[in-house]
Structures are given as C-alpha cells and as structure tokens.
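# Descriptive analysis of the structure
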Amino acid sequence: MHNSSGFTYNRTAMTDQQFIYLDNNATTPLDSAVIEEMLPFLTTFYGNPSSGYAFGAQARKAVGLARERLAALLGCEPSEIVFTSGGTESNNAVIHSALEFAPLGKHVIASAVEHSAVLRPCQDVEKRCCSVTFLGVNRDGNVDLAEFEAAIRPETALVSMMWANNETGVLFPVEKIAEICRRKGVLFHTDAVQALGKIPIRLRDTAVDFLSLSAHKFHGPKGVGALYVNRRTRLSPLIAGGGQENARRGGTENVAGIVGLGKAAELAAKYLAEGNCSVRSMRDRFEKAILESVSGASVNGAGAPRIPNTSSLSFEGIESSAVLLLLDRQGICCSAGSACRTGSQEASHVLRAMNPNGDGARRSLRFSFSRFNTEAEIDRAVEIVPKVIEKLRQTAAPMQRGGFSPVAMALPGAP
Ligand SMILES: *Cc1c(COP(=O)(O)O)cnc(C)c1O
C-alpha cells in the first residue's frame, strides 16, 4: 500500500522560512503518516466503495477500517459513525434532523459562544420555524448548570453545547449537561471539533446523542469529518441521495479523506494515551512567559478547565488587529478569534459574551499549539510577542490624541 510519488510533507522547510504556526485551532498541518495512508486511495484504489466487485471492496474495506479507528478514539461503536464533509455539515445535519423529528414543538437551546457552524443554522431555523435560547456564559466562559436546566421547556427538541470552545479553549461540563438532557428527554448534541484528540472521550459512558468532529483540526485532511449518532437515536439525512452511510448521508464517500481521518484518529489516540505532554507544557510555558514579561496581560477563561493547546490572552492598551499585522510580518500566525477576517471590525462574540461591558474582545489574541510546534518556536514567540505589544503601546498613545488608526500608524515602523 506504499506509494512512492516523491511528495513528502516537509515541516523543516516551514521553520527555515521563520514561519511559526500558532493557529492550530483554525486548522492543523497534516501528519505525514496521514498522507502516506491516503495516497493509494488517490491513485491505485480509486474504486467506488458501493461497487459489488472486488476492486470496489478495497475502498469499502478502507472506509471500514477508518470507521473502526475513529470509533476507538471516541469510545463508541463503528456503526454509530456517519462520515460527512466536516464539522459544519455535521452540525447542520443534527439541527435539521432534530427539528424534523420534534414531536411537540420547536425549541432549541445553544450556548451563546458556539462556533458559527452552530450559531448560523440556529439563527436560520429561528427565522423559519422555531425559537432558540442562546444561553449566556460567565466571566470564565462557562455555563451555569441550574440556569441551563431552567431554560429547558416541554417543547425543547435539541440542546447543542460545544465540548471545547475554539477561541478560549474553555471546556463545558458536557457529560453533566448530557445527563440533564437525557433525564428530561431532550436530544443532546455537542460540537467536539476542538475537543477531539485533546481530551479523553468515551462516548459509551456518556448520555451524548450526537457529536460533531472535523479531520483538519487533528492533523487530518480538510473537507472531511464525522457525526456520531447514538444507536438509540434516529437521524434524518441532511443530504439525501444514495444509501451511503447506512442511508444517513447520501453521496459517494470521500474515500481518501475518510482514510486520512481514520489514520489521524489512530495517531490522536496514541498521543492522547501519552498524555499530550509536549503540547500542554509548551502552552503553559508560553503563557507563563507572556504573563511575566507583558504588563496588563491576562488569560481569558483562566478560572475554567481548558483544553491543553489553547491560550487566549487579553492585553491592555492594544488592538488585536494591529498586533496580528505586526506578528504576521515576523512570521507568527495566530488569530484574534475565530471569525476575525481581514478587514472585519467585528469583535469576538465569545469574548463579548464573557464580558459584555469590557473591551477585552478587541484586545485579545488566540495562540493555539500542536505536537508539530517546537520548543525553539516557543522561545522565538516568547521573545517577539512582548516586543510587538510594547511597540504598539508606544505608538498608540500619541496617536489616540491625533485620532489616527493605530494599525495604519504602526505599519511604517514595524519591528
Ligand atoms: C473549525 C470548527 C468547526 C468547523 O469545522 P469544518 O470542518 O471546518 O467545517 C466547527 N466547530 C468548531 C468548534 C470549530 O473549531
């Protein structure tokens, strides 16, 4: 099954260019072992898994193995997994299905800090047919369980709460929320895109009905993901077509992508069993160093449990967009929040929900690490970030009196 196309993933080339990738919650580099595993399915074994002859069976077997590997990582049965095009599709499928089957009425509860791949479909159904409660969070980014339970109504069809927040890394008490939902007879979905591979998950010990995940957030390929559907729970397909995925998701399988997802899941299980030590220690070292060397810096979600790879930091007296620009010039990739598109002035809805009266949302940066980061990269980031913040604070002070944009003014004199 080995393919010698000559293409190998070269991580060193990236570091040689002084390029430091600290935005692993946006996407992650592919593991070279994942590519190796995928290549034969882009070349030799191009059969359709649904075909009856032996050549199709090769692809079918590979999809089956990927399903087993993912089930092992999730602690569930292979039959409970539906492959999709990614986290966004999985989330949409759940919301669609839950409302399709809603027996009484139509009400959905989601947290106010969900990813746009949950928020947007919720806002869409809110316009069409149903009411939605967006549950607020406290200053640490966590939900209050009593407040949550009180929001459940007799007509509530679905609760959707993310396992780990993509901006702050804060972990919701998803197992407890799922228990409450089961007790009340309400379907429970969790967007676990940021939790998978970062914390141990054993779905058979939980009351979770649906779980969404995405391969490119754990060193697999983009455009492929999965939805876990508990065997006692029905799913009405969002994408109707052929009978693929046990008639739960139509369309010819993305065989190479699914194979890559399976391999990435196997690797994630291995690193998880080893405790994800390097990622956590790099994150902790980075965070500690920044807090020590930059005055007026604080950790968003510091008082809540967090995934080991994320550091969301707030800095007094700066604008995140200006810091991002200068860090980019130094070859450091990080982000201001998930929805920060270039030129967008919209501050993070997550940080605003945590502190509605503060301006932390405009002053925050997210650094997210992976097992492909090196201690040398952390050293360099720890050196550059404080310099950039200091530089901006110096330029911002006289400019605020002059009324110019700190971003525009900072550009010519960038360090
Ligand atoms: C990235 C992300 C998604 C979207 O997944 P895609 O596979 O890119 O569609 C959904 N939810 C969270 C929390 C994410 O971080």
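This structure is a prediction, so every number in the text was calculated from the model and none was measured. (Residues numbered from 1 in each chain as written. Predicted model: local features only at pLDDT ≥ 70, side-chain atom pairs only at ≥ 80, totals over all residues. Heavy atoms only, no water.)

## Observations regarding the site of the ligand
- Contacts to the ligand come from Gly86, Gly87, Thr88, His115, Met162, Asn166, Asp191, Val193, Gln194, Ser214, His216 and Lys217.
- Note that an oxygen atom of the ligand is positioned 2.7 Å from one of the side-chain N or O atoms of Gln194.
- Here an oxygen atom of the ligand and a side-chain polar atom of Ser214 are 2.6 Å apart.
- Split by residue class, the shell around the ligand holds 2 nonpolar, 8 polar and 2 charged. (Near = heavy atom within 4 Å. Polar contact = N/O pair within 3.5 Å; in protein donor to acceptor, adjacent residues only side chain to side chain. Nonpolar A, V, L, I, M, F, W, Y, C, P; charged D, E, K, R; others polar.)

## Concerning the side chain of Arg248
- For Arg248, the position within the fold is in the loop between α8 (244-247) and α9 (255-273).
- Non-local contacts of Arg248, meaning those with residues more than four positions away in its chain, are made with Ser79, Glu80, Ile81, Val82, Leu235 and Pro237. (Helix = DSSP H or I, 4+ residues; strand = E, 2+ residues; numbered from the N terminus. Contact = heavy atoms within 4.5 Å.)

## What about the sheet that holds strand β10 (residues 310-315)?
- Spatial strand order, β9-β10-β12: 3 strands in an open sheet with antiparallel pairing. Sheet topology places β9 (297-299) and β12 (364-368) at the edges, where each strand pairs with a single neighbour. For this sheet the average axis-to-axis angle between neighbouring strands, irrespective of direction, equals 30 degrees.
- Direction of pairing for β9 relative to β10: antiparallel, over a ladder of 3 bridges. Within β10, the position partnered with Val299 by the bridge is Leu313.
- Sheet contacts for helix α10 (residues 277-293): β9, β10 and β12; angle to β10, the most-contacted strand, approximately 10 degrees. (Pairing = 2+ DSSP bridges. Axes fitted to C-alpha atoms, helices over the stretch in contact; angles between N-to-C directions.)

## Focus on the pattern of salt bridges
- Counted according to the given criterion, the structure contains 22 salt bridges.
- For Lys127, the salt bridge is made with Asp124, and the minimal N-O distance between the two is 3.8 Å. Highlighted residues: Lys127 and Asp124, both in helix α5 (residues 116-128), separated by 3 residues, approximately one helical turn.
- Given a relative accessible area of 69%, Lys127 falls into the exposed group.
- Taking the relative accessible area as the measure of exposure, Asp124 reaches 30% and is therefore partly exposed.
- The salt bridge involving Asp284 is made with Arg283; its shortest N-O contact spans 2.9 Å.
- For Asp284, a relative accessible area of 36% corresponds to the partly exposed category. (Salt bridge = Lys/Arg side-chain N within 4 Å of Asp/Glu carboxyl O. Buried < 20%, exposed > 50% of the residue type's maximum accessible area, 1.4 Å probe, protein only.)

## Comments concerning the sheet that holds strand β6 (residues 187-191)
- Taken together, the 7 strands give an open sheet; going across it, the order is β2-β8-β7-β6-β5-β3-β4, and neighbouring strands pair in mixed fashion. Each edge of the open sheet carries a strand with a single partner, namely β2 (81-84) and β4 (131-135). Between one strand axis and the next, the sheet turns by 20 degrees as a mean value, whatever way the strands run.
- Relative to strand β5 (residues 156-160), strand β3 (residues 107-111) runs parallel, the two sharing 4 bridges.

## Things to note about α10
- Over its 17 residues, α10 runs 24 Å from end to end, which matches the ideal 24 Å to within 8%, given 1.5 Å per residue.
- What α10 keeps buried is the set Val279, Met282, Arg283, Phe286, Glu287, Ala289 and Ile290. For α10, the arc enclosing every buried residue in end-on projection is 165 degrees, short of the 170-degree limit, so these residues lie on one face. Exposed side chains of α10 directed beyond 90 degrees from the buried face belong to Lys288 and Glu292. (Expected span 1.5 Å × (residues − 1). Arc of directions from axis to C-beta.)

## A closer look at the packing of helix α2 (residues 32-42) against α9
- The interhelical angle for the contact between α2 and α9, taken along N-to-C directions, is 155 degrees, at an axis separation of 8 Å. Here α2 is positioned roughly antiparallel relative to α9, judged by the angle of their axes. Where α2 crosses over α9, the handedness of that crossing is right-handed. Residues Ala33, Val34, Glu37, Met38, Phe41 and Leu42 of α2 pack against Val255, Ala256, Gly257, Val259, Gly260, Lys263, Ala264 and Leu267 of α9.
- Residue composition of the contact of α2 with α9, by class: 10 nonpolar, 2 polar and 2 charged. (Parallel < 35°, antiparallel > 145°, perpendicular 65-115°, else oblique. Left-handed = near helix turned anticlockwise from the far one by under 90°.)

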